Amino acid sequence: MIHIGDGTWNLRVFITDLHVEKTLRVKGDLHIGGVMLRLVDPENPKDWSDHALWWPAKNVWLARTRSTLDQCGVQADSLLHFTPMHKTLRVQLPDLRYLDCRVDYSIKTFGAVVNLCKDLGIRHPEELSLCKPLEAAHLKRNYSEFPKRKVPPSEQGKDYVAPVDSNTFIHNSNHFNGSNGSLDSPANPFSCAPVQQTPHRPVQSTPISSPMGTWKSNNGHNGTFNDSSSSIGDLTENLAASPRAPSPDVRTRMVRPKSLVERARLNVGWLDSSLSIMEQGVREFDTLCLRFKYYTFFDLNPKYDQVRINQLYEQAKWHLLNEEIDCTEEEMFMFAALQLQVSLQNDIQQPDSGIDTSSLDNGVDDDIDAALSELQITLEGPNGRSKSNDITHIPELTDYLRFLKPKKFTLKGYKRYWFTYKDLHLFLFKSRDDARSNSPPSVAINLRGCEVTPEVNLTQGKFHIKLEVPPENGVGANSEVWVRCDNEDQYAKWMAACRLASKGRSLADSSYDSEVQSIKSFLNMQKPAHAPAVSINPNLIDPQEFLAPRFSKKTKGKAVNRILEAHANVKDLSLMEAKLKFIQGWQSLPEYGVTLFVIKFDGHKKEELLGVAQNRIMKMDIHNGDHLKTWRYNSMKAWNVNWEIKCMMIQFQDENVIFSCLSSDCKVVHEFIGGYIFMSMRSKETNQTLNEEMFHKLTGGWV
């Protein structure tokens with residue numbers, strides 16, 4: 001029948017479930033919901049409630065059912081897909097196991113992660129996100145403008161038009177036979193990935209491995225980690241314990257950065273939290289990695305967070321084993337000992353115990369909370385007791401230490417001074433008498449906003465503190481000074497004082513004593529014990545499972561004995577205590593919590609390194625990682641992105657910082673900054689619900 005002049009036209013819609021294309025006679029004023037109603041056969045008992053219209057050519061979901069075809073821009077030459085919103089996504093957890101999860105591909109990635117974490121039993125999902133799996137080739141060059149790989153039309157139906165991937169990262173897909181019953185069951189939000197190997201695709205495919213892991217238990221028998229249960233409860237319980245090592249093919253496919261630049265390129269794969277998974281080139285049965293993105297962990301509670309703590313421990317472990325973060329040899333063997341203790345305790349029934357995790361909760365270390373804490377301490381005293389007798393008293397820390405300000409072309413070493421720390425300032429006098437006589441100090445340093453880096457070697461008795469101090473007028477690079485302590489006790493007191501001062505907190509802060517004890521505990525765990533207290537068969541320990549490659553090669557032949565010696569220091573820890581100690585040690589490393597990007601500042605041709613942390617951004621030396629300049633979020637007025645030229649501008653009180661990102665899309669940098677500001681707004685005082693609208697306002701870039 002020919003329609004002339006009635007304003008109707010043919011609309012093609014491909015129904016993915018039935019592999020059938022329908023042609024509807026429509027008008028431009030027909031709303032999207034009406035199109036969907038006409039597609040559904042009332043005599044077909046199939047449930048179509050989870051279906052929606054996807055426009056492949058425009059790479060968008062037509063989610064507003066009240067909008068008309070004209071309002072959406074759909075015309076006669078358009079091809080739409082009528083497809084399920086929930087699809088199977090293969091997710092690699094931080095412990096490197098794979099799960100096949102039912103994920104909503106139509107909502108923003110942030111919301112999809114929230115729902116996924118709810119199914120997995122992980123609290124505070126705002127700390128996590130999804131990223132695309134990397135291959136070794138991705139670390140060899142900057143990929144912010146790398147061309148995207150097209151999805152073959154056969155995977156999405158007739159006349160498929162490849163989508164535009166909003167994340168400037170090459171799209172890696174893994175597709176396998178979906179005939180497995182567990183993959184098609186909508187009642188199950190997630191199930192374990194099939195054990196069989198997936199056929200390799202010819203180009204840029206990542207083979208899917210078995211999720212099963214094996215380890216050697218302390219009784220000498222091989223154990224198998226069983227995660228084949230389809231029950232949500234059983235699976236969540238399994239996620240609280242992980243195999244010691246993943247399957248060999250997973251380990252061989254892991255990328256290992258060899259420089260700071262390659263570490264920066266690791267961040268190219270993060271998905272845009274403001275777009276749906278489908279809009280970013282991800283299709284059903286593809287693989288994404290679930291990772292902790294923001295290094296500020298709120299309210300870690302062993303009672304409620306067994307899965308969260310275990311997955312966080314696993315991510316920290318692989319950061320170290322994969323050399324994504326540096327540590328000393330002594331620290332590496334301490335971490336290896338804690339790993340061994342975790343693997344031993346995994347086979348033992350664990351009693352319920354309350355563990356203090358206040359030292360792990362660094363989500364409130366921002367300047368606003370610091371000011372409120374200082375006010376409370378001033379009014380109530382450091383332990384909540386009134387200080388009405390001497391409300392003007394300011395705590396001090398004094399001692400003889402050695403000081404060095406490195407200069408070019410000089411051989412001068414450390415010089416002994418009388419150090420006085422008071423009210424966030426460090427004053428150096430030639431002697432104690434000069435300090436008592438109120439003589440002007442030889443050196444005065446404002447520690448607020450400085451970068452504090454430990455330089456410790458217990459074997460050599462080396463206890464150094466590196467301070468990178470911002471200039472007084474805010475213009476210019478940081479100045480570097482070194483402080484040398486004589487012993488552990490002295491180092492712990494002054495290191496704790498410097499760390500708190502950098503955050504704007506004085507000695508009156510209630511966390512000072514716990515910070516000192518945390519530093520001492522971290523040092524004590526690194527001391528070797530010459531008599532292992534637990535009888536462990538050395539033949540059951542493979543050093544490659546516990547040490548980063550450079551340490552296992554360096555200490556070949558002695559590694560097992562040193563791991564056993566270090567284990568004597570942690571042999572009495574429970575499973576949860578060992579994991580928390582590992583996380584705490586990870587957080588104590590100098591490079592912890594700094595996400596790197598390769599950038600170019602406006603007007604400069606050379607590549608620079610930018611570090612983004614929970615309370616500041618830093619210009620860093622691209623070769624050795626030294627902090628050249630620091631900008632704190634509390635001095636930031638606004639941050640904006642020019643989406644046309646992919647350039648970012650951050651407005652501070654004293655200057656504007658303009659740069660383009662080379663190692664990823666500038667949206668990734670924008671999202672990290674906004675995300676950390678969102679994390680700092682969380683409060684312990686009230687049981688706040690997750691404010692997704694505020695998160696997108698801070699991270700979305702208003703695009």
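None of the values given here were measured: they were computed from a predicted structure.

A.B. asks: Honestly, the packing of helix 8 (residues 329–345) against helix 16 (residues 575–587) in this entry has me stumped. Any pointers?
C.D. replies: Helix packing geometry: the angle between the two helix axes and the distance between the axes. It is at 9 Å that the axes of helix 8 and helix 16 come closest, and there the two elements cross at 155 degrees. Classified by the angle between their axes, helix 8 and helix 16 sit roughly antiparallel to one another. As for how helix 8 packs across helix 16, the hand of that crossing is left-handed. On helix 16, the residues touching F335, L338, Q339, Q341, V342 and Q345 of helix 8 are L575, A578, K579, K581, F582, G585 and W586. Looking at the contact of helix 8 with helix 16 residue by residue, the classes come out as 7 nonpolar, 4 polar and 2 charged.

A.B. asks: Just checking my understanding: could you explain helix 3 (residues 109–120) for this structure?
C.D. replies: At 3.6 residues per turn, the α-helix brings residues three or four places apart onto the same side. Between its first and last C-alpha atoms helix 3 spans 16 Å; for 12 residues at 1.5 Å apiece the expected length is 16 Å, and the two agree. Within helix 3, 9 of the 12 residues are buried, which leaves the element mostly enclosed by the surrounding structure. By the burial criterion, the buried members of helix 3 are T109, F110, G111, A112, V113, V114, L116, C117 and L120. Of the residues one or two after helix 3, G121 is the one with positive phi, at around 80 degrees.

A.B. asks: Could you clarify how one ought to interpret the packing of helix 7 (residues 306–321) against helix 8 in this entry?
C.D. replies: Between helix 7 and helix 8, the least distance of the axes is 11 Å, while the angle of their chain directions is 140 degrees. With respect to each other, helix 7 and helix 8 are oriented oblique. You can see that helix 7 and helix 8 cross each other, and the crossing is left-handed. Contacts between helix 7 and helix 8 pair Y313, K317, L320 and L321 from the former with M332, F335, Q339 and V342 from the latter.

A.B. asks: Help me understand the nonpolar core in this model?
C.D. replies: Among soluble globular proteins, nonpolar side chains are generally buried collectively. In this structure, I277, W586, V612 and I673 are the most contacted members of the largest nonpolar core, which totals 113 residues. For this core, the element with the most residues is helix 8, which contributes 10 residues. Beyond its immediate chain neighbours, meaning those up to four positions away, I277 contacts L89, V103, D104, Y105, I107, T109, A112, L130, L271, V282 and L288. Listed in part, the 36 residues of the second largest apolar core include Y421, V483, W494 and Y512.

A.B. asks: Is there a simple way to explain the sheet that holds strand 4 (residues 60–61) in this structure?
C.D. replies: For sheets, the rule is that strands pair by backbone hydrogen bonds, running either parallel or antiparallel. Strand order in the open sheet made by the 5 strands is 2-1-5-3-4, with mixed pairing throughout. Whereas interior strands pair on both sides, the edge strands pair on one side only; in this sheet they are strand 2 (20–26) and strand 4. Both strand 1 (residues 9–15) and strand 2 contribute to a ladder of 7 bridges, which runs antiparallel. What sits directly across from V13, in strand 2, is K22.

A.B. asks: Before we go on, may I ask you to explain the pattern of salt bridges in this structure?
C.D. replies: Two side chains bearing opposite charge may form a pair once their charged atoms approach each other closely. Counted according to the given criterion, the structure contains 33 salt bridges. Notably, a salt bridge pairs K571 with D572, separated by 3.1 Å at the nearest N-O pair. Judged by relative accessible area, which is 27%, K571 ranks as partly exposed. Each member of the salt-bridge network shares a partner with another, and the members are R123, E126, E127, D299, D305, R308 and R682.

Parameters at a glance
Residues numbered from 1 in each chain as written. Predicted model: local features only at pLDDT ≥ 70, side-chain atom pairs only at ≥ 80, totals over all residues. Heavy atoms only, no water. Axes fitted to C-alpha atoms, helices over the stretch in contact; angles between N-to-C directions. Helix = DSSP H or I, 4+ residues; strand = E, 2+ residues; numbered from the N terminus. Parallel < 35°, antiparallel > 145°, perpendicular 65-115°, else oblique. Left-handed = near helix turned anticlockwise from the far one by under 90°. Contact = heavy atoms within 4.5 Å. Nonpolar A, V, L, I, M, F, W, Y, C, P; charged D, E, K, R; others polar. Expected span 1.5 Å × (residues − 1). Buried < 20%, exposed > 50% of the residue type's maximum accessible area, 1.4 Å probe, protein only. Core = buried A, V, L, I, M, F, W, Y, C linked by side-chain atoms within 4.5 Å. Pairing = 2+ DSSP bridges. Salt bridge = Lys/Arg side-chain N within 4 Å of Asp/Glu carboxyl O.

Fair warning: the whole summary comes from geometry, so function is off the table for now.
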